[in-house]
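These are the residues of each chain, in order.
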Amino acid sequence: IDDLSDIKETDLASLIGNMLDNAVEAEENVSDKRIELHFFNKNDNRIIICKNNIEKSVLTENRELKTSKKQKIGHGFGHQIIKDIAEKYNGLSDFFEDNGMFCVQIVLPKKQNNDNKVNHVINDSL
């Protein structure tokens, strides 16, 4: 992935941390555990994708990605944090499913193009 110096370290840590925390927690409930984290460039954008195996669709039953924890207070904010950080840097976030995996994709314009908002999310599966 290209230079990330335009992204505050705390934002980058929060972005990737929330993506991985959600994936690790989701993997506790599946028999075939697998998490993938990809970083790459495409069309003048920096792409971060985190994927984890799922046994059944998450989005069919929980499109808003609300927490399923019994203790709701203090939980269920990870996906919103991811969206907010992506938007802060003129990027986009997308949550989708592909080939039995739950996917979180972040698209951030390259530093030199940071004034140009990303116009679409690239759903290229790896």
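The model shown is predicted, which means the values in this text are computed figures rather than measured ones.

**Let's talk about the packing of aromatic side chains**
Tallying each qualifying case throughout the model produces one aromatic pair. Ring geometry for Phe 95 against Phe 102: centres 6.5 Å apart, planes inclined by 35°, an arrangement best described as tilted. Residue classification places Phe 95 among the buried positions, given a relative accessible area of 9%. Assessed through its relative accessible area of 11%, Phe 102 is described here as buried.

**Remarks on the nonpolar core**
Judged by nonpolar contacts, the single largest core of 20 residues is most densely connected at Ile 7, Leu 15, Met 19, Ile 82, Phe 102, Val 104 and Ile 106. At five residues, the largest contribution of residues to this core is made by helix H1 (residues 9-27). Filtering out sequence-adjacent residues up to four positions away, Ile 106 remains in contact with Leu 15, Met 19, Arg 46, Ile 47, Ile 48, Ile 82, Ala 86, Leu 92 and Ser 93.

**Topic: the environment of Ile 7**
Mapping Ile 7 onto the fold places it in the segment before H1. With sequence-adjacent residues up to four places away left out, Ile 7 is seen in contact with Leu 12, Arg 46, Tyr 89 and Leu 108.

**A few points about the pairing of strand E1 (residues 35-42)**
As judged from the eight bridges shared by E1 and strand E2 (residues 45-53), these two strands associate in the antiparallel manner. Bridged to Glu 36 within E2 is Lys 51. Joining the antiparallel neighbours E1 and E2 is a turn of two residues, in which Asn 43 adopts a positive phi near 50°.

**Notes on H1**
End to end, H1 covers 27 Å across 19 residues, agreeing with the expected 27 Å (1.5 Å per residue, within 8%). When H1 is considered as a whole, its buried residues turn out to be Asp 11, Leu 12, Leu 15, Ile 16, Asn 18, Met 19, Ala 23 and Glu 27. The buried residues of H1 occupy an angular sector of 165° when projected down its axis, which confines them to one face. Projecting away from the buried face of H1 at angles above 90 degrees are the exposed residues Glu 9, Thr 10, Ala 13 and Asp 21.

**Concerning the pairing of strand E4 (residues 101-109)**
Of all nine residues in E4, nine are buried; the element is thus mostly enclosed. What you see with E4 is no split at all: Met 101, Cys 103, Gln 105, Val 107 and Pro 109 on one side and Phe 102, Val 104, Ile 106 and Leu 108 on the other are buried throughout. As paired strands, E2 and E4 are joined by nine bridges and run antiparallel to one another. Residue pairing in the sheet places Arg 46 in a bridge with Leu 108 of E4. Sheet topology places strand E3 (residues 92-98) next to E4; seven bridges connect them, and they run antiparallel.

About the thresholds
- Residues numbered from 1 in each chain as written.
- Predicted model: local features only at pLDDT ≥ 70, side-chain atom pairs only at ≥ 80, totals over all residues.
- Heavy atoms only, no water.
- Phe/Tyr/Trp six-rings, centres within 6.5 Å; stacked < 30°, edge-to-face > 60°.
- Buried < 20%, exposed > 50% of the residue type's maximum accessible area, 1.4 Å probe, protein only.
- Core = buried A, V, L, I, M, F, W, Y, C linked by side-chain atoms within 4.5 Å.
- Helix = DSSP H or I, 4+ residues; strand = E, 2+ residues; numbered from the N terminus.
- Contact = heavy atoms within 4.5 Å.
- Pairing = 2+ DSSP bridges.
- Expected span 1.5 Å × (residues − 1).
- Arc of directions from axis to C-beta.

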